[in-house]
Amino acid sequence: MINPRIITIDGPAGAGKSTLAKEIAKRFGYVHLDSGALYRAIGYGCKLAGVNLKNREAVLKVAENLKIELLPDGRVLLNGKDVTEKIRTPEGGLLASQVAQFPEVREIVVKLLRKIAEGKKIVIDGRDAGTYIFPNAELKIYLTASPEERARRRYEELKKKGFNVSYEQVLKEVIERDRQDENRPFAPLRVPERAFVIDTTGKSLKEVLSEVEKLIDP
Ligand code: DC
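The model shown is predicted, which means the values in this text are computed figures rather than measured ones.

Conventions used here
Residues numbered from 1 in each chain as written. Predicted model: local features only at pLDDT ≥ 70, side-chain atom pairs only at ≥ 80, totals over all residues. Heavy atoms only, no water. Helix = DSSP H or I, 4+ residues; strand = E, 2+ residues; numbered from the N terminus. Rg over C-alpha atoms; globule rule 2.2 N^0.38 Å. Buried < 20%, exposed > 50% of the residue type's maximum accessible area, 1.4 Å probe, protein only. Contact = heavy atoms within 4.5 Å. Areas by Shrake-Rupley, 256 points an atom, 1.4 Å probe, with all protein chains shown as cover. Lys, Arg positive; Asp, Glu negative; His and termini not counted. Charge placed at Lys NZ, Arg CZ, Asp CG, Glu CD. Salt bridge = Lys/Arg side-chain N within 4 Å of Asp/Glu carboxyl O.

Which residues make up the overall build of the protein chain, and what values do they have?
Regarding its fold elements, the protein chain presents 10 helices and eight strands. Rg of the C-alpha trace for the protein chain: 16 Å, near the compact-globule value of 17 Å for 218 residues, within the 12% margin. Reported as C-alpha extents along the three principal axes, the dimensions of the protein chain are approximately 50 × 40 × 30 Å. A buried classification covers 48% of the 218 residues belonging to the protein chain. For the protein chain, long-range pairs separated by at least 24 residues make up 75% of all intrachain contacts whose partners lie at least 6 apart in sequence. Surface accessibility of the protein chain: about 11,000 Å² in total, with carbon and sulfur atoms responsible for 52%. Computed over 39 positive and 32 negative side-chain charges, the inter-centroid distance for the protein chain is 3 Å.

What follows is the structure, encoded as structure tokens:
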């Protein structure tokens, strides 16, 4: 068991990373950093600006001029406006995954995350938290689950929030995001070295938490 300053949780969309990160933050007194929220905010900012997401220069120009804040309670502000709910949509995920392809966008996000993390105990979830943002993190977790299970979870979550989506559509988006996140040339989604891999297929949050609790010194 260890008492880590930095805990990273990586894995594909819908593996349960942010739910687990929030629980760890609550139980062990960590600050939760949701790195995906920053890419989502940038993707959304580009959409508002009417930018073609394939146009690297245009995306960068918007990204460099956005003011993004991650509040301690998990809310996300874009140029001072609360966009927390607006960015948590299937479209928001795809927009985020697209802007996350550009190394310069990743640098903006990584710098911001490293700055927020200074001197704090943090638990961060993302795609490259343990491989690239914090390669020296004392505890690295890689969460995964089958695409069907991840799509089912996302589908249920979206239905609860009132979105009119079909399971097939969500599954298609999950597979598309996996493809984008695993195949980008810069900091792609990978299992980090030294990571504890947990397959959450068929497991409840409680079961996953009890596996993680064995790794952390309270
Ligand atoms: O975790 P999420 O679903 O909010 O992430 C949205 C997208 O942002 C994800 O599909 C890829 C990108 N992302 C990334 O490239 N690196 C991260 N550390 C976090 C998210």
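Could you give me a rundown of unusual backbone geometry, with the residues and numbers involved?
Of note, N79 is a non-glycine position whose phi angle comes to about 50°, a positive value. If you trace the backbone, N79 turns up in the loop between strand 4 (76–78) and strand 5 (81–82). Exposure remark for N79: the relative accessible area of 47% places this residue in the partly exposed category. In this structure, A187 takes a positive phi of about 45° despite not being glycine. In this structure, A187 sits in the loop between helix 9 (167–183) and strand 8 (196–199).

Lay out the side chain of R40 with the relevant residues and their values.
Note that R40 resides in helix 2 (residues 35–48). There is no salt bridge for the buried R40, and the closest opposite charge comes from D34, which lies 6.3 Å off by N-O distance. Apart from residues lying up to four places away in sequence, R40 is in contact with I87, R88, T89, G92, G93, A96, R154 and R177.

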